[in-house]
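Below, each chain spelled out in residue letters.
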Amino acid sequence: MTPFSAFRITRYGRGFSSREAIQAWQAHGMARLRQKIMPLSPFYARYAESRMADWPIMTKALLMAHFSEINTCGIDRDAAMALALKSEETRNFEPMMGEIAVGLSTGTSGQRGLFLTSRHERALWAAVICGRFWPFPLLQRQRVGFFMRADNALYRRVANPLLKFHFFDLLNPFSDNMVGLQKLQPSILVAPATMLAQIARAQQRNQIGIAPKRLISVAEVLSPEDSACIETIFGRKPDQVYQATEGLLAYSCRAGNLHLNERFVKFGRDVLDSETGAFCPIVTDFTRSSLPILRYRLDDVLFPDPEPCPCGCASQRIARIEGRADDILWWQGHDGKQRLIASDLLRQMVATLPVPVRDYRVIAEEELLTVWLDTSLPEIAFPALRSKFETLAQQHSCILPELKIRRGLPVETGAKRRRVTVIRR
Ligand SMILES: [Zn+2]
């Protein structure tokens, strides 16, 4: 696929008309992957002819262990890592090896992931993102305010005369970033969901006055509260792009619903819960050639939405992304089986309390569940929440863990904010 056709399809196309159309498209992509890409990878060459079920399930650890043999560019892992780390430390040059950009994932837990993108891959990515999200009119210059943890050549390299990227480092003080944002007056604003909400609140306080035509949430799960807050303040519903170092996995359509990017990626499912269909995706990206991503199991939990979308595209709709599988709550059922308690249920309980709650956190540690509520009326909120938890446990026929409710919010470290955390020992 050329970047031009990717742009055209995303901008003007109606998406896949049926599941059969998706399968036909993917069969073609997979055949090309086997013929053209896998033979170039010393690690995957031997699997080019074998059934997909025989390919190893890839994980971040395995990918890093075999990085030098998996990539098709002959790039040595240690050299690429040294370059990426140096670039991150100094933040003043773009880590490139020839025409291949080297990136480092944020990696909140332990291991950092390395990834590579070729010029063609970056152009494809940009074509889809621009095709989908470029505001009207098409030939007007856009200023993109992009909040991220580290600048990466992937994004800077796609800049062109019509598109100017300005990066804001998430590690800089918020007030400094707001001064820069006010000056930039972005027409497109891209940031993690919680940062978008924080920016919206800065606008509400008149700390800044900006009027972006597009608001795009990336890197974090966009909660309905944050989405509503952003929409109220800016008068526009935020869009979502779900992408990882493993590729562009899903983005919202014109109807505002999230669809899997089945034009680039074949999705297998590791189903965690048959009732909701919640699964960890196993992705095979048949458009990537520099660092093949094949049968790569992600740790995120996706909840499928079986309803067809009004936009007419048959690609699988996703109701919610729950973040890491490790942060899913499982409660013991009366029948001895474990029940999945989706974070959305917790969110709804807090949202329907009779008094306002500014924010909340849920921390599960062994048999103890601690809920932090940022509210001025704990004497009403606490008993109401306790009774909601009891009802929830009853509805799911399971045993409610020991519940402790506290006022305020816990001290948090780390760039990514999570409302639900499970601590395992
Ligand atoms: Zn749709």
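Scroll up a little and you will see the structure.
Sequence order as written defines the numbering, with residues in each chain counted from 1. Restriction of local features to residues with pLDDT of at least 70 applies here, the model being predicted, together with a cutoff of 80 or more for giving and counting side-chain atom pairs; totals for whole chains, interfaces and linings are based on all residues. Working from all heavy atoms in the structure, the side-chain values ignore hydrogens and water.

**Section: the coordination of the zinc ion**
For step 1, the next point in the chain: We call an atom a donor if it is N, O or S and sits within 2.8 Å of the metal, or 3.2 Å for Na, K and Ca. Water is not counted, so some sites may look partial. Coordination of the zinc ion by the protein comes from Cys253 (SG), His259 (NE2), Cys309 (SG) and Cys311 (SG), over a distance range of 2.1 to 2.3 Å.
For step 2, the next point in the chain: In these descriptions, tetrahedral denotes four donors with every angle between 85 and 135 degrees, square planar four donors and octahedral six donors with opposite donors over 155 degrees apart and the rest between 65 and 115, and irregular any other case. Note that the zinc ion binds 4 donor atoms; their angles at the metal cover 106 to 112°, and the shape is tetrahedral.
For step 3, the next point in the chain: In primary-sequence terms, the residues that donate to the zinc ion follow C-x5-H-x49-C-x1-C. Separated by 50 residues along the polypeptide, His259 in strand β10 (residues 258-260) and Cys309 in the loop between β14 (300-305) and β15 (317-324) bring together distant segments of the chain. Numbering of helices and strands starts at the N terminus; helices are DSSP runs of H or I of at least 4 residues and strands are runs of E of at least 2.

**Looking at unusual backbone geometry**
For step 1, the next point in the chain: With phi around 50°, Gln185 is a residue other than glycine that occupies positive phi space.
For step 2, the next point in the chain: Within the fold, Gln185 resides in the loop between α8 (174-184) and β6 (188-192).
For step 3, the next point in the chain: Note on Gln185: relative accessible area 27%, which makes it partly exposed.
For step 4, the next point in the chain: Phi is positive for Arg295, which is not a glycine, with a value near 45°.
For step 5, the next point in the chain: Note on placement: Arg295 falls in the loop between β12 (278-285) and β13 (296-297). Per-residue accessibility, obtained with a 1.4 Å probe over protein chains only, is compared with the maximum for each type, and a residue is labelled buried under 20%, exposed over 50%, and partly exposed between these values.

**Topic: the pairing of strand β9 (residues 247-252)**
Every other side chain in a regular strand lies on the same face of the sheet, so the side chains alternate between the two faces.
For step 1, the next point in the chain: The element β9 is extensively covered by neighbouring structure, given that 6 of its 6 residues are classed as buried.
For step 2, the next point in the chain: Strand pairing is defined by DSSP finding a minimum of two bridges between the two strands. With 4 bridges joining them, strand β8 (residues 239-244) and β9 adopt antiparallel strand pairing. Within β9, the position partnered with Tyr242 by the bridge is Ala250.
For step 3, the next point in the chain: Between β8 and β9, which pair antiparallel in sequence order, lie 2 residues.
For step 4, the next point in the chain: Looking at chain direction, β9 and β10 are connected through 3 bridges and run antiparallel. Bridging from a neighbouring strand, Tyr251 pairs with His259 of β10.
For step 5, the next point in the chain: From the end of β9 to the start of β10, which pair antiparallel, there are 5 residues, and Gly256 there has a positive phi angle of about 85°.

**Thoughts on the packing of helix α9 (residues 193-204) against helix α10 (residues 224-234)**
For step 1, the next point in the chain: The N-to-C vectors of α9 and α10 enclose an angle of 35°; their axes lie 9 Å apart at closest approach. The interaxial crossing formed by α9 with α10 has left-handed handedness. Across from Ala193, Thr194, Leu196, Ala197, Ile199, Ala200, Arg201, Gln203 and Gln204 in α9, the residues of α10 making contact are Asp226, Cys229, Ile230, Ile233 and Phe234.
For step 2, the next point in the chain: Following the grouping adopted for this structure description, the nonpolar residues are Ala, Val, Leu, Ile, Met, Phe, Trp, Tyr, Cys and Pro, the charged ones are Asp, Glu, Lys and Arg, and the polar ones are all others, Gly among them. Here the residues of the contact of α9 with α10 sort into 9 nonpolar, 3 polar and 2 charged. To get an axis, fit a line to the C-alpha atoms, keeping to the stretch in contact for a helix; angles then go from 0 to 180 degrees between the N-to-C directions. By definition, any crossing whose near helix is turned counterclockwise from its far helix by less than a right angle is left-handed, and any crossing with a clockwise turn is right-handed. A contact between two residues is defined here by any heavy atoms of the two lying within 4.5 Å.

**Points about the sheet that holds strand β20 (residues 402-407)**
For step 1, the next point in the chain: One open sheet holds the 4 strands; their spatial order is β20-β19-β18-β21, and the pairing between them is mixed. Whereas interior strands pair on both sides, the edge strands pair on one side only; in this sheet they are β20 and β21 (420-423). Between one strand axis and the next, the sheet turns through 15° on average, direction left out of account.
For step 2, the next point in the chain: Relative to β20, strand β19 (residues 368-374) is paired through 6 bridges, and the arrangement is parallel.

**Describing the environment of Pro304**
For step 1, the next point in the chain: Here Pro304 lies in strand β14.
For step 2, the next point in the chain: On a C-alpha basis, the gap between Pro304 and Thr90 in space is 41 Å, while along the polypeptide they are 214 residues apart.
For step 3, the next point in the chain: With residues up to four places along the chain from it excluded, the contact list for Pro304 reads Arg269, Thr276, Gly277, Ala278, Phe279, Gln316, Arg317, Ile318 and Ala319.

**Considering a positive patch on the surface**
For step 1, the next point in the chain: Without a salt bridge and with relative accessible area above 30%, a residue can belong to a patch; like charges are then joined within 9 Å and nonpolar side chains (Val, Leu, Ile, Met, Phe, Trp, Tyr) within 5 Å. For every accessible area listed, the method is Shrake-Rupley and the probe measures 1.4 Å; residues are considered covered only by the protein chains on display. The term salt bridge refers to a pairing of a side-chain nitrogen on Lys or Arg with a carboxyl oxygen on Asp or Glu at a separation within 4 Å. Charge convention: Lys and Arg are scored as positive, Asp and Glu as negative, and His as well as the terminal groups of each chain are ignored. Charged groups are reduced to one reference atom each: NZ for lysine, CZ for arginine, CG for aspartic acid, CD for glutamic acid. Residues Arg141, Arg143, Lys164, Lys213 and Arg236 make up a contiguous surface patch of positive charge.
For step 2, the next point in the chain: The topology assignment puts Arg141 in the loop between α6 (119-133) and β4 (142-148).
For step 3, the next point in the chain: On the basis of relative accessible area, Arg141 is assigned to the partly exposed category, the value being 45%.

**Things to note about α6**
For step 1, the next point in the chain: Across its 15 residues, α6 extends 21 Å between first and last C-alpha, which sits within 8% of the 21 Å expected from 1.5 Å per residue.
For step 2, the next point in the chain: Within α6, 12 of the 15 residues are buried, which leaves it mostly tucked inside the rest of the structure.
For step 3, the next point in the chain: Inspection of α6 places Glu121, Arg122, Leu124, Trp125, Ala126, Ala127, Val128, Ile129, Cys130, Gly131, Arg132 and Phe133 among the buried residues, and these make up the whole buried set. To estimate how far a helix should reach, multiply one less than its number of residues by 1.5 Å.

**Things to note about the state of the cysteines**
For step 1, the next point in the chain: Two cysteine sulfurs form what is called a disulfide whenever their separation falls within 2.5 Å. For the structure shown, the criterion picks out 0 disulfides.
For step 2, the next point in the chain: In this model Cys130 remains outside any disulfide bridge; the closest cysteine sulfur is found in Cys253, 18 Å from its own.

**What about the pairing of strand β7 (residues 214-218)?**
For step 1, the next point in the chain: Among the 5 residues in β7, 4 count as buried, and that is most of the element.
For step 2, the next point in the chain: Note that β6 and β7 share 5 bridges and pair parallel. From the neighbouring strand, Ile188 faces β7, where its bridge partner is Arg214.
For step 3, the next point in the chain: Tracing the backbone out of β6, into α9 and back to the parallel element β7 gives a crossover that is right-handed. The crossover handedness rule: strands pointing away from the viewer, path from first strand over the helix to second strand clockwise, crossover right-handed.

**Remarks on the sheet that holds strand β3 (residues 114-117)**
For step 1, the next point in the chain: Read from one edge of the open sheet, 3 strands run β1-β2-β3, paired in antiparallel fashion. The open sheet is flanked by β1 (96-97) and β3, the only strands paired with a single partner.
For step 2, the next point in the chain: Relative to β3, strand β2 (residues 100-104) is paired through 4 bridges, and the arrangement is antiparallel. In the strand pairing of β3, Leu104 is matched with Leu114.
For step 3, the next point in the chain: Along the sheet, helix α5 (residues 77-90) contacts β1, β2 and β3; its crossing angle with β2, the most-contacted strand, is approximately 70°.
For step 4, the next point in the chain: Sheet contacts for α6: β1, β2 and β3; angle to β3, the most-contacted strand, approximately 85°.

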